[in-house]
Amino acid sequence: MEDLIKLLNEVKPGVDFTKENDLIGSGILDSLSIIQLVTRINDEFDVEITPLDLVPENFQSAETIYAMIQNAED
């Protein structure tokens, strides 16, 4: 989770990702930042986030993003 928080801070600095629960609704993550984040996640975690994973529910919080990464690892 620590590596994910670091990536999130690189994509969108200045946000407390440990406390945010509506990253999309609050405008913190937009489509461009999600694409940047997915590219970085694929490289950093050696997983493949597919287009089917690109749903708002997977990007609501650091926890939901981390769960998506864990599912991609299986």
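See the structure above.
The paragraphs below set out a description of the structure included in this document. In this text, all values refer to a predicted model and were calculated from it rather than measured experimentally.

One pass over the structure, following the stated rule, counts 2 salt bridges. Taking the shortest distance from any N to any O, the salt bridge between Arg-40 and Glu-10 comes out at 2.1 Å. One end of the pair, Arg-40, is in helix α2 (residues 31-45); the other, Glu-10, is in helix α1 (residues 2-11), and 30 residues separate them in sequence. With a relative accessible area of 39%, Glu-10 lands in the partly exposed category. Lys-19 is the partner of Asp-16 in a salt bridge, and the nearest nitrogen-oxygen pair spans 3.9 Å. The class for Asp-16 is partly exposed, based on a relative accessible area of 37%.

This next bit is on unusual backbone geometry. The phi dihedral of Asp-46 is positive, around 55 degrees, even though this residue is not glycine. Along the chain, the position of Asp-46 falls in the loop between α2 and α3 (62-73).

Thresholds, definitions, all that
- Residues numbered from 1 in each chain as written.
- Predicted model: local features only at pLDDT ≥ 70, side-chain atom pairs only at ≥ 80, totals over all residues.
- Heavy atoms only, no water.
- Salt bridge = Lys/Arg side-chain N within 4 Å of Asp/Glu carboxyl O.
- Helix = DSSP H or I, 4+ residues; strand = E, 2+ residues; numbered from the N terminus.
- Buried < 20%, exposed > 50% of the residue type's maximum accessible area, 1.4 Å probe, protein only.

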